[in-house]
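# A look at the structure
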Amino acid sequence: ALMDRLRAAFPNVEIEACAGGGGRIDAGIIKRTHRFWTSDCIDAVSRVGMQRGFLQFMPPEVMGSHVGASPAHSTGRSQSMAFRCGVALPGHFGVELDARKLGDTERKELMAGIARYKALRERLHQGRVWMGEVGDGVVWQAHGSAEDMVVLVTRTQPTTMRHQPNLRLPMALPGRTYTIASEQGVVATMDGGWLNRVGMAVPPLPGEAVLVLEVRS
């Protein structure tokens, strides 16, 4: 009742619910809040599983996901700026660090990450979300539509295999030709039937890496 009165009195104030402190991420509270803070742990490796769990039930539009400092205050682990930016992409993409302490390289990587988020935001949000596992410690999630999607391929641990498993996208439409592109350009062109039954080879990724693909038909 208090939150309802606050929203009515101050419609321009955004309300954030907290998973840990408030313990409230559920279907009842979502109509009264504008976003959820997924966890105070912003270690990017820990965040991969948390955010995938969140997206089983809630849309990415309300998921607080920040680029945290390195080392992370909650675990003491350090990850690259590129990995931290990649993990933060699906949600609100906040910045939770002291930018004055960044070197030139990290600052440019963060600026590039923010620009990429803005370019992809319409498809990351406002569409469907699919998730799956490739194997060998690689997981994926796709945002958008079956015709136009952003696919995030995430590896948290080094590979144990000589050849990477294939990435299958079950929502791909047979008979449609898909162009698969990364920041470096077109990776492949293939039929939707092949993509959803056989899949594409995942490029070699080091541990703690996110590959961002744009898949369009």
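An account of the accompanying structure is given in this report. (Residues numbered from 1 in each chain as written. Predicted model: local features only at pLDDT ≥ 70, side-chain atom pairs only at ≥ 80, totals over all residues. Heavy atoms only, no water.)

## What about empty space enclosed by the protein?
To find leftover empty space, one rolls a probe the size of a water molecule over the atoms. Per the counting criterion, the structure on display carries 2 cavities of 30 Å³ or more. Its volume calculated, the largest cavity comes out at about 90 Å³. V48, Q51, R52, G86, V87, P90, V139, Q141, L152 and T154 together form the lining of the largest cavity. Mapped by element, the contributors of at least two residues to the lining of the largest cavity are α2 (44-54), α3 (81-88), β7 (138-144) and β8 (148-155). If you tally residues by element for the lining of the largest cavity, the top one is α2, at 3 residues. Residues of the lining of the largest cavity, tallied by class, amount to 5 nonpolar, 4 polar and 1 charged. Size it by volume and the second largest cavity reaches roughly 50 Å³. Around the second largest cavity sit I42, A44, R47, Q51, H66, G68, R84, V87 and A88, which together line it. When its residues are assigned to classes, the lining of the second largest cavity shows 4 nonpolar, 3 polar and 2 charged. (1 Å grid on protein atoms, 1.4 Å probe; cavity = no way out; pocket = protein on both sides within 12 Å on 5 of 7 lines; lining within 4 Å. Points joined across faces, edges and corners; volume = space filled by probe spheres on them. Helix = DSSP H or I, 4+ residues; strand = E, 2+ residues; numbered from the N terminus. Nonpolar A, V, L, I, M, F, W, Y, C, P; charged D, E, K, R; others polar.)

## Considerations on the packing of aromatic side chains
Tallied over the full model, the rule gives 2 aromatic pairs. Ring centres of F93 and Y117 lie 5.1 Å apart, and the angle between their planes is 15°; this geometry places the pair in the stacked category. Of the two residues, F93 is situated in the loop between α3 and β5 (94-96) and Y117 in helix α4 (residues 104-124); the sequence distance between them amounts to 24 residues. Across the pair, Y117 and F93 agree in class, each one buried. (Phe/Tyr/Trp six-rings, centres within 6.5 Å; stacked < 30°, edge-to-face > 60°. Buried < 20%, exposed > 50% of the residue type's maximum accessible area, 1.4 Å probe, protein only.)

None of the figures reported here should be taken as evidence of function without further support.
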